[in-house]
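# Commentary on secondary and tertiary structure
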Amino acid sequence: HAKEPLPPELVPKEVVLYQYEACPFCNKVKTFLDYYDIPYKVVEVNPLSKKEIKWSDYKKVPILVVDGEQLVDSSAIIDKLGGKILPGRKTDSDLDDDDNEEKKWRGWVDNHLVHILSPNIYRNTSEALESFDYITSNGNFSFTEKITVKYAGAAAMYFVSKKLKKKYNITDERAALYEAAETWVDALNGREFLGGSKPNLADLAVYGVLRPIRYLRSGNDMVKHTRIGDWYTRMEGAVGEPSRIK
Ligand code: GSH
């Protein structure tokens, strides 16, 4: 799966991503950067102090700083950056059917798919602990925070996720996850990617938000119990290695 290389003059000089390693929105932005081979530095934000983003009025992650300009909100970041680096991408007013399909499914990711994730990864005490073990092992925490956040966070998110289930009218969270995976495979309608032979921004968005859960119990269950696995594997190949600067 060869990617289309960007014309070098369109590749931004300096890109810095302020993120939480396990955050789905941050992984959506990272997937976009990785797919287009845009080199970026990562600043892992401490979720308790957030001292790394004290300079910003925006209090969430991801924040992407592109050649000194602050971009916020994952989908807006991808729109803005895409507008700069993807030549010939149309604006909202002259969308054709393919663009509308891409737009519809990017909206589905932000308004539906992401809401199913928390109830799944914090579904019971053992899955909540597994998730927080992943979060604290990969995040920016002091030694003491790692231990306290793992258990306190798991307990707190277990209860929060029950509230989220109510808020988004989810009865069986696993069934909802499997249904979303099947809905996505149906949308592909036999194509390799929603974008055809290459991923479009909707493919990148779905893959991006699923990336942090893929190897947790919920992600493993999803791949085992639905048809999404083949597409996911194709996406791993298409997105390739991270373009992150170490
Ligand atoms: N709509 C935003 C996006 O797509 O970027 C959502 C971003 C978001 O909710 N980020 C979470 C956050 O920073 C982390 S997953 N929450 C605030 C906090 O941690 O205090």
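Residues numbered from 1 in each chain as written. Predicted model: local features only at pLDDT ≥ 70, side-chain atom pairs only at ≥ 80, totals over all residues. Heavy atoms only, no water.

## Concerning the overall build of the protein
For the protein, the count of helices and strands is nine helices and four strands. Listed N to C, the secondary structure of the protein is β-α-β-β-β-α-α-α-α-α-α-α-α in terms of helices and strands. Taken over the C-alpha trace, the protein has a radius of gyration of 18 Å; the compact-globule value for 246 residues is 18 Å, and the two agree within 12%. Taking the principal axes of the C-alpha coordinates as reference, the protein spans close to 50 × 45 × 30 Å. The buried share among the 246 residues of the protein stands at 47%. When contacts within the protein are restricted to residue pairs at least 6 apart in sequence, those whose partners lie at least 24 apart make up 72%. Accessible surface, the protein as shown: approximately 12,400 Å² in total, 53% of it carbon and sulfur. Here the protein contributes 36 positive and 37 negative side-chain charges, whose respective centroids are spaced 6 Å apart. (Helix = DSSP H or I, 4+ residues; strand = E, 2+ residues; numbered from the N terminus. Rg over C-alpha atoms; globule rule 2.2 N^0.38 Å. Buried < 20%, exposed > 50% of the residue type's maximum accessible area, 1.4 Å probe, protein only. Contact = heavy atoms within 4.5 Å. Areas by Shrake-Rupley, 256 points an atom, 1.4 Å probe, with all protein chains shown as cover. Lys, Arg positive; Asp, Glu negative; His and termini not counted. Charge placed at Lys NZ, Arg CZ, Asp CG, Glu CD.)

## Some details on the nonpolar core
Counting residues in hydrophobic clusters, the biggest one holds 65 residues, and the most contacted among them are F32, L33, I38, L64, W184, L210 and W231. Top element by residues in this core is helix 6 (residues 173–188). It accounts for nine residues. If we skip the residues at most four places from it in the chain, L33 touches V15, I38, Y40, L64, L81 and S243. Core analysis: the second largest hydrophobic core is formed by nine residues, V16, I53, I63 and V65 among them. (Core = buried A, V, L, I, M, F, W, Y, C linked by side-chain atoms within 4.5 Å.)

## Some points on the pattern of salt bridges
Throughout the structure, instances matching the rule amount to 18 salt bridges. For R123, the salt bridge goes to E127, with nearest N and O atoms at 2.6 Å. Since its relative accessible area comes to 26%, R123 is described here as partly exposed. Since its relative accessible area comes to 1%, E127 is described here as buried. Its salt-bridge partner being R227, residue E182 comes within 2.4 Å of it at the nearest N-O pair. Taken together, the residues span a long stretch of sequence, with E182 in helix 6 and R227 in the loop between helix 8 (217–225) and helix 9 (229–239) at a distance of 45 residues. By relative accessible area, R227 is classed as partly exposed at 44%. Linked through salt bridges whose partners overlap, the residues forming this network are R123, E127, K165, E173, R174, R217 and D221. (Salt bridge = Lys/Arg side-chain N within 4 Å of Asp/Glu carboxyl O.)

## Structural notes on the confidence of the model for the protein
Across the protein, pLDDT averages 96, with 98% of residues at or above 70. The ipTM, which scores confidence in the relative placement of chains, is 0.97 for this predicted complex, and the corresponding pTM is 0.96. (pLDDT = per-residue confidence, 0-100.)

## Observations concerning the site of the ligand
Close to the ligand lie Y20, C23, F25, K50, K60, V61, P62, D73 and S74, which account for all nearby residues. At a separation of 2.8 Å, an oxygen atom of the ligand approaches a polar side-chain atom of Y20. Between the ligand and the protein, one listed contact pairs an oxygen atom with a side-chain N or O atom of K50 at 2.3 Å. In isolation the ligand has 510 Å² of accessible area, and contact with the protein removes 72% of it. Taken together, the residues of the shell around the ligand break down into five nonpolar, one polar and three charged. (Near = heavy atom within 4 Å. Polar contact = N/O pair within 3.5 Å; in protein donor to acceptor, adjacent residues only side chain to side chain. Nonpolar A, V, L, I, M, F, W, Y, C, P; charged D, E, K, R; others polar.)

## A look at the packing of helix 3 (residues 97–121) against helix 6
Helix 6 packs onto helix 3 with a crossing angle of 160 degrees between their chain directions and a minimal axis gap of 9 Å. Here helix 3 is positioned roughly antiparallel relative to helix 6, judged by the angle of their axes. Crossing hand, helix 3 versus helix 6: left-handed. Contacts between helix 3 and helix 6 involve E101, W105, W108, H112, L113, I116, L117, P119 and N120 from the former and E173, R174, A176, L177, A180, T183, W184 and A187 from the latter. Partitioning the contact of helix 3 with helix 6 into residue classes produces eleven nonpolar, three polar and three charged. (Axes fitted to C-alpha atoms, helices over the stretch in contact; angles between N-to-C directions. Parallel < 35°, antiparallel > 145°, perpendicular 65-115°, else oblique. Left-handed = near helix turned anticlockwise from the far one by under 90°.)

## A closer look at helix 7 (residues 201–210)
Counting buried residues in helix 7 gives ten out of ten residues, a clear majority hidden from the surface. For helix 7, the complete set of buried residues consists of L201, A202, D203, L204, A205, V206, Y207, G208, V209 and L210. Where helix 7 is buried, its residues meet helix 1 (24–35), helix 2 (74–85), helix 3, helix 6, helix 8 and helix 9.

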